[in-house]
Amino acid sequence: KGKFISILNSDDIYEEKVLFGILEYMRDSPNVDVFYGKVKYIDQIDNTSYMRIPNISHMKYRMSLFHSSMFVSKSAYDSVGLYSEDYHLAMDSEWCHRAMRAGANFVYIDKVISSMALGGRSDINYVASLREYRKSVLDHNIANVLLANISFIVIFLIKSITRIRLINRLKNFILRS
């Protein structure tokens, strides 16, 4: 019966008192389809965290909106549709691409809204996730084939290098113990 829907996975958490602020935004801006904000990623391997600032204009390259930090109006889901069952890892990205193409009104909130741990399904299966993302970008004409493929390769290389660094940190930690 609510007017807005947010998806919070089992190990995601909202930042303290952020929901009260979100309610104020909703009251002050009744015609907004999607409110979105920052997310804090928690790396449980080396016990660090870092903040990601969303940028909707980067959606043609990579996922830059974070489902745990989005509040989507029920009316947006009614007009754009629900998550596609054709996507298993990039379903939130694909929904955002459809919403963008449909002209949904996205509004940025300059706050950290949620924290989420790295190591979820799309993070572990990042190659398959990147493939789905590229498919969505192309299916919804967010980017052309060249840009979609270059973005895929760049993000793939960045994630692959990052994985090696994390593996090395873990190995060093185990060896020191």
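All of these numbers come straight from a predicted model, not from anything done at the bench.

### A word on a nonpolar patch on the surface
And step 1. On the surface, Leu146, Ile150, Val154 and Ile158 cluster together into a nonpolar patch covering about 370 Å² of accessible area.
And step 2. Mapped onto the fold, Leu146 is located in helix H6 (residues 145–176).

### Remarks on the pattern of salt bridges
And step 1. Scanning the model with the defined rule gives four salt bridges in all.
And step 2. Where Asp110 meets Lys38, a salt bridge forms, and the shortest distance between an N and an O atom there is 2.7 Å. Within this pair, whereas Asp110 is found in strand S6 (residues 106–117), its partner Lys38 is found in strand S3 (residues 34–43), the two being separated by 72 residues in sequence.
And step 3. Taking the relative accessible area as the measure of exposure, Asp110 reaches 52% and is therefore exposed.
And step 4. For Lys38, a relative accessible area of 13% puts it in the buried group.

### Notes on empty space enclosed by the protein
And step 1. In this structure the tally under the stated criterion is two cavities of 30 Å³ or more.
And step 2. Quantified by volume, the largest cavity comes out at close to 50 Å³.
And step 3. The wall of the largest cavity is formed by Lys60, Tyr61, Leu130, Tyr133, Arg134, Val137, Ala148, Ser151 and Phe152.
And step 4. Taken together, the elements giving at least two residues each to the lining of the largest cavity come down to helix H5 (126–139) and H6.
And step 5. Per element, the largest residue contribution to the lining of the largest cavity is four residues, and it comes from H5.
And step 6. The calculated volume of the second largest cavity comes to roughly 40 Å³.
And step 7. Split into classes, the residues belonging to the lining of the second largest cavity amount to six nonpolar, two polar and no charged.

### Quick notes on the packing of helix H3 (residues 91–101) against H5
And step 1. The contact between H3 and H5 brings their axes to 9 Å, and the two run at 10 degrees. One element, H3, and the other, H5, form an angle in the roughly parallel class. The hand of the H3/H5 crossing is right-handed. In contact with Ser93, Glu94 and His97 of H3, H5 contributes Tyr133, Ser136 and Val137.

### Looking at the nonpolar core
And step 1. Residues Leu65, Met70, Val72, Trp95, Cys96 and Phe106 are the most contacted members of the largest nonpolar core, which totals 20 residues.
And step 2. When residues of this core are traced back to their parent elements, those giving at least two are S3, strand S5 (70–73), helix H2 (74–80), H3 and H5.
And step 3. Once residues lying within four places of it in the same chain are set aside, the contact partners of Trp95 are Val34, Met70, Val72, Ala76, Tyr77, Val80, Gly81, Leu82 and Tyr83.
And step 4. Core analysis: the second largest hydrophobic core is formed by eight residues, Val18, Val32, Phe35 and Phe71 among them.

### Thoughts on the environment of Asn55
And step 1. Mapped onto the elements, Asn55 comes out in the loop between strand S4 (48–52) and S5.
And step 2. Under the relative-accessibility criterion, Asn55 is labelled partly exposed at 29%.
And step 3. The spatial distance from the C-alpha of Asn55 to the C-alpha of Val137 is 16 Å, given a sequence separation of 82 residues.

Calculation notes
Residues numbered from 1 in each chain as written. Predicted model: local features only at pLDDT ≥ 70, side-chain atom pairs only at ≥ 80, totals over all residues. Heavy atoms only, no water. Patch = residues over 30% accessible without salt bridge, like charges linked within 9 Å, V, L, I, M, F, W, Y side chains within 5 Å. Areas by Shrake-Rupley, 256 points an atom, 1.4 Å probe, with all protein chains shown as cover. Salt bridge = Lys/Arg side-chain N within 4 Å of Asp/Glu carboxyl O. Helix = DSSP H or I, 4+ residues; strand = E, 2+ residues; numbered from the N terminus. Buried < 20%, exposed > 50% of the residue type's maximum accessible area, 1.4 Å probe, protein only. 1 Å grid on protein atoms, 1.4 Å probe; cavity = no way out; pocket = protein on both sides within 12 Å on 5 of 7 lines; lining within 4 Å. Points joined across faces, edges and corners; volume = space filled by probe spheres on them. Nonpolar A, V, L, I, M, F, W, Y, C, P; charged D, E, K, R; others polar. Axes fitted to C-alpha atoms, helices over the stretch in contact; angles between N-to-C directions. Parallel < 35°, antiparallel > 145°, perpendicular 65-115°, else oblique. Left-handed = near helix turned anticlockwise from the far one by under 90°. Contact = heavy atoms within 4.5 Å. Core = buried A, V, L, I, M, F, W, Y, C linked by side-chain atoms within 4.5 Å.

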